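Summary of the model geometry
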Amino acid sequence: MNVVELGYGAAFALLPRLPRGVTWPLFAAAASSGHRGYRRGKPGKGTATLAKNLRRVVGPDMPEDEFERLMLRALRSYSRYYLEAFRLPARSKEQILSGFRLERGELLGEHHRAGVGSVVALPHAGNWDAAGAWVAAKGWPITTVAERLKPESVYLKFLEFRRSLGMEILPLTGGPRPTFDVLEERLRDGAAVVPLLADRDLTPRGVDVEFFGGRTRMPAGPALLALRTGAPLYVAHMWFDPDAAAGYLDGPIPMPGADEGPLDARVRIVTQRVADSFAEGIARHPEDWHMLQRFWLDEPAVSTVA
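Structure report, in brief. (Residues numbered from 1 in each chain as written. Predicted model: local features only at pLDDT ≥ 70, side-chain atom pairs only at ≥ 80, totals over all residues. Heavy atoms only, no water.)

The next point concerns the packing of helix α2 (residues 20–39) against helix α4 (residues 64–87). The geometry of α2 relative to α4 is characterised by a closest axis approach of 9 Å and an angle of 145 degrees between their N-to-C directions. Considering the relative orientation of α2 and α4, their crossing is right-handed. Among the residues making up the contact of α2 with α4, the classes are represented as 11 nonpolar, five polar and eight charged. (Axes fitted to C-alpha atoms, helices over the stretch in contact; angles between N-to-C directions. Helix = DSSP H or I, 4+ residues; strand = E, 2+ residues; numbered from the N terminus. Left-handed = near helix turned anticlockwise from the far one by under 90°. Nonpolar A, V, L, I, M, F, W, Y, C, P; charged D, E, K, R; others polar.)

Here you go:
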């Protein structure tokens, strides 16, 4: 067992049991340490990439001292996500429901009661695990997808963690059935909520979109599911309030008609609309966008100072 496995194992085992007053100072200190490295010109790779991404979001006109304060808030938000996500399994149904607020979230319940599934595209922002736990606590069926992490033991721990919150989790690859087929089935037959992290896919499978003045790729899945099943597609804007994780359900996203082109062209149209909605939410709460990976195709990977 390596250090990564030991670290995640300890987090899953200990953080749900310890009071937040004991654990948050440690996570806040880690954020402050990362910020000090950034201010000294020696950030870690993730911090340097986050800074590059956030500068693209806020633009070059934000003064450096203001941007430094934004970076501290962003690193604290990222730490808060991990702490509060790991603590979810120990929380009661009532605590889960009060710990996340989703404006217009009642639409998902209305669709489910009408026998209609919903697709929700989410960015890596705020606390998406709290959002999923909230949907499950509402009593609505929820099916989502998890990328296979390495080592496998870490992936299995995340699988167990999310399933313990009431979510059905499908592997992105390597499942007994094609994942997309199962998602279609859940939407058509189970009136499920299908939330999908959808703000980054730099593989050739991704759909090219314009985003904050640059070019990147995002997954085709949410658009394709909505177009093929007729399920409404929403975009969740995600952030943290002082007392809870929060979100806003934007949409449903308008679907182009068959007369607007073949399916692949319509997928591109819808994915760009999803990207535009993501941009609106991220611009309002840039500190809560946890994008510590290379994002824009026209930017090289970050190299850090040793």
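With respect to the helices, strands and loops of the structure, Arg162 is situated in helix α8 (residues 152–164). Put simply, Arg162 and Arg39 are 123 residues apart on the chain and 36 Å apart in space, counted from C-alpha to C-alpha. Those residues in contact with Arg162 that sit more than four places away from it in its chain are Tyr81, Trp128, Asp129, Met167 and Ile169. (Contact = heavy atoms within 4.5 Å.)

With that settled, consider unusual backbone geometry. With an omega of 10 degrees, the peptide bond between Gly251 and Pro252 qualifies as cis. Note that Pro252 resides in the loop between β9 (245–250) and α11 (263–284). For Arg104, which is not glycine, the phi torsion reads 70 degrees and is therefore positive. With respect to the secondary-structure elements, Arg104 resides in the loop between β1 (100–103) and α6 (106–113).

A separate point is the side chain of Glu84. Note on placement: Glu84 falls in helix α4. A polar contact of 3.2 Å, which involves the side chain of Glu84, links it to the side chain of Arg20. If sequence neighbours within four positions are ignored, Glu84 has contacts with Arg20, Asn127 and Phe240. (Polar contact = N/O pair within 3.5 Å; in protein donor to acceptor, adjacent residues only side chain to side chain.)

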